[in-house]
Amino acid sequence: MLYINGEWREAASGKTMDVINPATGEVVATVAKGGKEDTQAAIDAAQAAFPSWSRLTAKERSAYLRKTADILRSRTEEIAQLITREMGKPLAEARGEIGLALDYLDWYAEEAKRIYGDTIPASTPSKRLIVLRQPVGVVGAITPWNFPIAMITRKLAPALAAGCTIILKAASATPLAAIEVFKALHEAGVPKGVANLVNGSASEVVGTMMASPVVRKITFTGSTEVGKELVRQAADTMKKVSMELGGHAPFLVFEDADLEKAAEGAVASKFRNAGQTCVCTNRIYVQKSVADRFAEIMAEKVKQLVVGNGLENGVNVGPMIDEAALQKAQEHVDDAVAKGAKLLCGGTRLTEGEYAKGTFFAPTVLANATHEMKIANEETFGPVAPIFTFETEEEAIACANNTAYGLAAYIYTRDGSRMFRVAERLDYGIVGINDPMPTVAQAPFGGVKESGIGREGGKYGIEDYLDYKFLSLQLEM
């Protein structure tokens, strides 16, 4: 179903799309497939709702966000199972994602009350200078399949907190979690037209949002290639844009690091969500003196990972999202091995028994990786971990920065001075220091270079939903 102007409805065209469980190949649900007409109706509804929503007090908007969070919190287990069925991640990870989604709603329920302006000292006694912060207007939000609820609330919560209205297009592969969020918004009493959901054709839904002068901001999480195209389209109507794009995260292990903890961290970062996260480790660089030992420890840990249907107890790694993702992972492995990489474990699709109908790839570790390999230069977005070596700190930094991307990077060392030296020189928006999971609602999330524009999370995440307005008052003296 689509949610437009406070009502659930079918697509105007009558079209539908199936949601497929990647672990079993089974159809989980059939949902409405929206198009241009539905999107325009949502834009019209958001435009009509904006004046009244933006004039509510911050306290009133905060109350709606809190109530929405409470409703979703009461349904955590139900929604977690839904996420696992529609995109495959293990149930424990799905629960964790819901916790993060709720954190964003809770955080921005409070941040709504902290949108401050300024008074500026005037250059003449007869003037008063005031700066206001006001919502940008109608927002178009486009979210990915790999975090089907957290990426929604990370955009929706600051938008609503700022006083914007919104049209959301969730990923076609994972619309069910989005529907649950909008059910909660509806139950919380959020006024008609404030939040609208149009799942469906990317070209039609996103194309209509991009062409509309009413939509004043686009927020997108996805590939760099698509992000660049959206920025080009946004120029036609001078929309504000927030772009959280691709990554190619380096994971630096220095010889003084605790190798057990470093290997644990690498496994946690790399194989979460079957390696299908924008901040997951893509290139592991280990100082040469400890590289063999690290590779041995990591391979043993990876061999212990349990692959399977995320609804089953004890599963650590679920399926990949689709056949194309599997093929890319296999291509990267085959290319690396052909160019001299040593396969320590995994390396192939799993097809026997319970794996036969799903899209499962064995967790893989490659040693002796080099920069001539595809895996060194392209984001795999799958459960494949290549290990490179380096000799010096300077070399490690140079290797880490040798990419067009700049989203997340990781450092493992026990040298306090090195932590800061290296972190400050890494061209990345996020650096985890002995920490494989740096994402939290209260901190900024985003990248530099071709990994995006803007930040989400924390006090920083509401900025792009606000405009500055300068008031200059001439007084009679």
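Residues numbered from 1 in each chain as written. Predicted model: local features only at pLDDT ≥ 70, side-chain atom pairs only at ≥ 80, totals over all residues. Heavy atoms only, no water.

Enquirer: Help me understand the packing of aromatic side chains, please; the structure alone is not making it clear to me.
Expert: Two measures describe an aromatic ring pair: the distance that separates the ring centres and the angle between the ring planes. What the rule picks out here adds up to nine aromatic pairs. Relative to Y64, the ring of W53 has its centre 5.6 Å away and its plane inclined at 45°; by these criteria the two rings are tilted. Pair noted here: W53 is in helix α1 (residues 36–55) and Y64 is in helix α2 (residues 58–74), with a separation of 11 residues, a long-range link. Given a relative accessible area of 1%, W53 falls into the buried group. Overall, the relative accessible area of 23% leaves Y64 in the partly exposed class. One aromatic cluster in this structure is built from Y3, W8 and F182. If you follow R133 out to its NZ or CZ, it ends over the ring of Y468, 3.9 Å from the centre. The residue whose ring lies beneath K217 is Y465, and the NZ or CZ to ring-centre distance is 4.8 Å. (Phe/Tyr/Trp six-rings, centres within 6.5 Å; stacked < 30°, edge-to-face > 60°. Helix = DSSP H or I, 4+ residues; strand = E, 2+ residues; numbered from the N terminus. Buried < 20%, exposed > 50% of the residue type's maximum accessible area, 1.4 Å probe, protein only. Lys NZ or Arg CZ within 6 Å of the ring centre and 35° of its normal.)

Enquirer: What am I meant to see in the sheet that holds strand β6 (residues 127–135) here?
Expert: Within a sheet, each strand pairs with its neighbour through backbone hydrogen bonds, oriented either parallel or antiparallel. If you trace the three strands from one edge of the open sheet to the other, you get β5-β6-β22, paired in antiparallel fashion. The open sheet has two edge strands, β5 (118–120) and β22 (466–474), and neither has a second partner. Taking each pair of neighbouring strands and ignoring which way they run, the sheet shows an average axis angle of 25°. Here β6 runs beside β22; their pairing, made up of nine bridges, is antiparallel. Each residue of the ladder has a partner; that of I130, found in β22, is L471. (Pairing = 2+ DSSP bridges. Axes fitted to C-alpha atoms, helices over the stretch in contact; angles between N-to-C directions.)

Enquirer: Is there a simple way to think about the side chain of T143 in this case?
Expert: The topology assignment puts T143 in the loop between β7 (138–142) and α5 (150–162). According to the relative accessible area criterion, T143 is buried, its value standing at 5%.

Enquirer: Hey, could you run me through the sheet that holds strand β14 (residues 342–345) in this one?
Expert: Reading across from one edge, β14-β17-β18-β13-β12-β19-β20 is the order of the seven strands in this open sheet, with mixed pairing throughout. Only two strands of the sheet have a single neighbouring strand rather than two, namely β14 and β20 (430–433). On average, each strand axis in the sheet is inclined to that of its neighbour by 25°, with strand direction left out of account. By the bridge criterion, three bridges tie strand β12 (residues 249–253) to strand β19 (residues 408–412) in an arrangement that is parallel. Within the sheet, the bridge partner assigned to V253 lies in β19 and is Y412. Against the sheet, helix α10 (residues 288–303) contacts β12, β13 (281–287), β14, β17 (364–367) and β18 (384–390), and its axis sits at roughly 140° relative to β13. (Contact = heavy atoms within 4.5 Å.)

It is worth stressing that arrangement in space is one thing and function is another; only the former is reported here.
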